Amino acid sequence: MMKSFVLALAINGLVDSISFMTVTPSLVFYVTSLGGSQDVYGFILAIYSFAAFCAKPFLGRWSDAQNFSAPYLFSNSLSVLGGLVYALGPAFSSSKSAIAAVVVGRVLGGLGNANSTLGFAYVARALPAEERTSTTALLGGIQMIGMAIAPLFNSFLASVDFNIGSLHIDPLNSVGLLLAILNIISLTALYFYLPDLPITNDSNHDEHKKDNEWFLMFRCIIRNPHIGVPFLTILCFNFNWMFIETGLAPSARDALGWASIKMNFCENSIGPVETSYVFGAMSVLVFFGMTVVHRLSKLGFSDYNLLNSGLAVNAVGFLGLYFSWYRGVEIMQFVTPVLINAGSFPFLGAPNRSLFSQAVDGCSILRGYEGTMQALLSMAASIGGFSAPSIVAHYCLRTPEEVDASSDGREFNKFALVAPALGVLILISTYLAGPPPAIKVTMKDEEAAGETTPLTNHQPMKQKSCPRELAKRASDRGTCESAMTIIAMDDFDDE
């Protein structure tokens, strides 16, 4: 039976994915209908991730200091408010004011979405190491279900046409109302089904009080490649994901003419629906990939090998994207590289998170900072998220006029090859870092029960620390060594 906290986290992730996938296909049309340009569209996509980037360390540290309920409820409330403000764009007669309302709505939404990092921290703290990859893959799979069913919401919103006072609600700004409703549902689930966890108090922290805690964390990131490389990997993951998210709608509009049909209630409304179908197909493949990753992990395939396989396929897929997106292309040729990339993303997600959590577990001076470290990792994801839209929209994506003037008719210029190059760079970095070593800890027999005990609803969690003399040595090299193997990365069979 699914644990209550997994249910709450699953609902929150489902709402996040539906919310994001209803905004993304329609945003370019919403922005242009309010008088914005392609660069404004890229900026609004980027500002969402930048807001999440700024909020993640505060939410992560908040969860370490005072637990999870308050950060979750606060951030979800911001998401509700952001959806309402997003819907108010057409209420302003000035184009600048209307665009500003959309920007503020997405900033509030990004601040709320920063709680995505709390889910990883909660799982890392609540579950033993051998259950984390499967649970993370399960939660990721549910998010993909949300992305897969998002086109149904877009199809429903395509027929929206009513007034609330003087505010006209149409298929574009009705997305904001949907965001508010969905986040109220998520907030309710978190309030009733997410129990707080015991706050980690480790005597090891007293030894390092003279050192700045942020300095210690960044030192571990820089000195330990098994902690540092996952930051590059997740940046690559989100940059390349947002590369597709940013480029798909405007490229399909030019290459396939998906925005050429006009409907009575909203010009260009067909574009968001058709684009959302592609995103939905991507989500189905990602969900299938999550189940494959989950199964392969159960069969004993190492996270290290799963990750490297995903990076290789991702680089190949983005090469196909560059060569296959051109004006007049057939739909299947346009969509195929998108689907190849979608199949690679699950191999970059849960395995990377699991490798990172294991490396953090092996660093004694990071005990009690698990939430903050997960937040820092998510900040790297946000860097990819907020840098990609502006880079893609301004430097990689051609305007229809530039496509007319080009000799090849491609939707991207050669700078778009940064996406496959990034995948190759991270693959080399991961290969050079190698798989994390087995983590060994000397414990007394009565202490050898494990790092954590499975969490039941409102049940305190048992945690063990490295002996003081080992902790001192571990602070120098970031690992604890001894007789009992907790994680064998090359042959584990249930993570």
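Given the structure is predicted, the values throughout are model-derived calculations rather than measurements.

What follows is about the overall build of the protein chain. Tallying secondary structure elements over the protein chain gives 18 helices and four strands in all. For the protein chain, the residues scored as buried account for 59% of the 495 residues in total. A separation threshold of at least 6 residues defines the contact pool for the protein chain, and within that pool the share at least 24 residues apart is 83%. Working note: accessible area of the protein chain is about 19700 Å², and carbon and sulfur atoms make up 63% of it.

Tracing the chain through its elements places L59 in helix α2 (residues 38-66). With twelve residues separating them along the chain, L59 and P71 place their C-alpha atoms 5.9 Å apart. Setting aside its immediate chain neighbours within four residues, L59 contacts P71, S75, L111, A114, N115 and L118.

Each α-helix turn comprises 3.6 residues. Residues three or four places apart therefore point the same way. In this model helix α14 (residues 346-361) runs 23 Å from its N-terminal to its C-terminal C-alpha over 16 residues, within 8% of the 22 Å that 1.5 Å per residue would give. Judged by how many residues are buried, α14 sits mostly within the fold: 16 of 16 residues are covered.

Despite not being glycine, N67 has its phi angle at roughly 85 degrees, a positive value. Here N67 lies in the loop between α2 and α3 (69-86).

This brings us to helix α13 (residues 331-344). Between its first and last C-alpha, α13 extends 21 Å over 14 residues, near the 20 Å set by a 1.5 Å rise per residue. Every buried residue of α13 is listed here: F334, V335, P337, V338, N341, A342 and S344.

For the rest of this paragraph, the subject is the packing of aromatic side chains. Across all of its chains, the model carries 16 aromatic pairs by this definition. Ring centres of F231 and F356 lie 5.5 Å apart, and the angle between their planes is 80 degrees; on these two criteria the pair is classed as edge-to-face. Here F356 lies in helix α14 and F231 lies in helix α10 (residues 225-255), a separation of 125 residues in the sequence. Looking at F231, the relative accessible area reads 11%, which means it is buried. Aromatic side chains Y395 and F415 sit 6.0 Å apart centroid to centroid with 50 degrees between the ring planes, which places their arrangement in the tilted category. Here Y395, found in helix α15 (residues 370-396), pairs with F415, found in the loop between α16 (400-405) and α17 (418-433); they are 20 residues apart in sequence, far enough to count as distant. Overall, Y395 belongs to the partly exposed group, its relative accessible area being 49%. Judged by its relative accessible area of 45%, F415 falls in the partly exposed class. Taken together through their ring pairs, the aromatic side chains of F243, F318, W325, F334 and F412 make up a single cluster.

Here is what the cut-offs are and how they apply
- Residues numbered from 1 in each chain as written.
- Predicted model: local features only at pLDDT ≥ 70, side-chain atom pairs only at ≥ 80, totals over all residues.
- Heavy atoms only, no water.
- Helix = DSSP H or I, 4+ residues; strand = E, 2+ residues; numbered from the N terminus.
- Buried < 20%, exposed > 50% of the residue type's maximum accessible area, 1.4 Å probe, protein only.
- Contact = heavy atoms within 4.5 Å.
- Areas by Shrake-Rupley, 256 points an atom, 1.4 Å probe, with all protein chains shown as cover.
- Expected span 1.5 Å × (residues − 1).
- Phe/Tyr/Trp six-rings, centres within 6.5 Å; stacked < 30°, edge-to-face > 60°.

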